[in-house]
Amino acid sequence: MTGEVTAVSRNEVYSFTKPNREGITLLKGLGVDGDVHAGVTVKHRSRVAQDPTQPNLRQVHLIHEELFAELAEAGFRVAPGELGENVTTRGLDLLGLPGGTLLRIGAEAVVEVTGLRNPCLQIDHFQDGLLKQVVGRDEAGRVVRKAGIMGVVVEGGAVRPGDTIEVKLPEGPHRPLDRV
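Residues numbered from 1 in each chain as written. Predicted model: local features only at pLDDT ≥ 70, side-chain atom pairs only at ≥ 80, totals over all residues. Heavy atoms only, no water.

Brief notes about the environment of glycine 136
One can find glycine 136 in strand 9 (residues 135-137). Its relative accessible area of 28% is what places glycine 136 among the partly exposed residues. Distance from glycine 136 to lysine 146, taken between C-alpha atoms, is 8.5 Å for residues 10 residues apart in sequence. Discounting chain neighbours no more than four positions away, the residues touching glycine 136 are Arg142, Val143 and Val144. (Helix = DSSP H or I, 4+ residues; strand = E, 2+ residues; numbered from the N terminus. Buried < 20%, exposed > 50% of the residue type's maximum accessible area, 1.4 Å probe, protein only. Contact = heavy atoms within 4.5 Å.)

Right, dumping it as structure tokens:
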């Protein structure tokens, strides 16, 4: 199973969106070099307020480009980086991956999938009503999160648009993704 990187983004300061870059560098155990969310411990403000010593399971945020087309059908216009992701992908069912999946991105970088992004109300400040499009409920009443996945860097390296993403599923029973 393979996919492709279509855009990469990072931001040195806290903001909802992240500017696209020609390339980013993933740092083992830290995240995206130069990104405000890089670090061994949590960097998201709400999580820091709860417990600043928590491990950072959200070092890298990936979103599937196919979500943007789905949102466009609902009347929203979203481009890579605008939802705060670091890596925009094409051709992979990111939301269907189990926890512990390894993503080799480009020649060197490897990201371990830790869980689903749990978007907050800031997304409605970006575009009113968008939160309902990326968080909903299925027929059984279970919460469905569509705003991408999070991961930690297990091998560092450069990542650029056009890079291939190779998927290595974990052995044993697969653990469905939950919010992190």
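Concerning the nonpolar core
Within the largest apolar cluster, 23 residues are counted, with the highest numbers of intra-cluster contacts made by Leu26, Val60, Leu62, Leu103, Ile105, Ile149 and Val159. The set of elements that each furnish at least two residues to this core consists of strand 1 (2-9), strand 3 (24-27), strand 5 (60-64), strand 7 (102-105), strand 8 (109-116), strand 11 (149-155) and strand 13 (164-168). Among the elements that take part in this core, strand 8 stands out by supplying 4 residues, more than any other. Aside from chain neighbours lying at most four places away, what touches leucine 103 is Leu62, Leu97, Ala109, Val110, Val111, Val113, Ile149, Ile165, Glu166 and Val167. (Core = buried A, V, L, I, M, F, W, Y, C linked by side-chain atoms within 4.5 Å.)

Topic: the sheet that holds strand 3
With respect to topology, 3 strands assemble into an open sheet ordered 4-3-12, the strand pairing being antiparallel. In this open sheet, the two edge strands, each paired with only one partner strand, are strand 4 (31-32) and strand 12 (157-159). Of the pairings in the sheet, the one linking strand 3 to strand 12 comprises 3 bridges and is antiparallel in character. Paired with isoleucine 24 across the two strands is valine 159, which belongs to strand 12. (Pairing = 2+ DSSP bridges.)

Considerations on the pairing of strand 3
Of the two faces of strand 3, the one holding Ile24 and Leu26 is buried and the one holding Thr25 and Leu27 is not buried anywhere. Sheet topology note: the strand 3/strand 4 ladder contains 2 bridges and is antiparallel. Bridging across to strand 4, leucine 27 finds its partner in glycine 31. Taking the residues that link successive antiparallel strands as the turn, the strand 3-strand 4 hairpin has 3 residues, and the phi of glycine 29 there is positive, at about 75 degrees.

Some words on the environment of valine 152
By the secondary structure assignment, valine 152 is in strand 11. Residues valine 152 and valine 32 lie 120 residues apart in sequence; the distance between their C-alpha atoms is 9.8 Å. Beyond its immediate sequence surroundings of up to four residues, valine 152 is in contact with Asn56, Leu57, Gln59, Val110, Val111, Glu112 and Thr114.

Re the pattern of salt bridges
Under the counting rule described, the total for this entry stands at 7 salt bridges. Measuring nitrogen to oxygen at the nearest pair gives 3.3 Å for the salt bridge that ties arginine 90 to glutamate 4. Of this pair, arginine 90 sits in strand 6 (residues 87-90) while glutamate 4 sits in strand 1; the two residues are 86 residues apart in sequence, bridging distant segments of the chain. Under the relative-accessibility criterion, glutamate 4 is labelled partly exposed at 31%. In this structure, arginine 90 engages glutamate 65 in a salt bridge whose closest nitrogen and oxygen atoms are separated by 2.8 Å. Note that arginine 90 is positioned in strand 6 and glutamate 65 in the loop between strand 5 and helix 2 (66-73), a separation of 25 residues in sequence. Residues joined by salt bridges that share partners form a network here, namely Glu4, Glu65 and Arg90. (Salt bridge = Lys/Arg side-chain N within 4 Å of Asp/Glu carboxyl O.)

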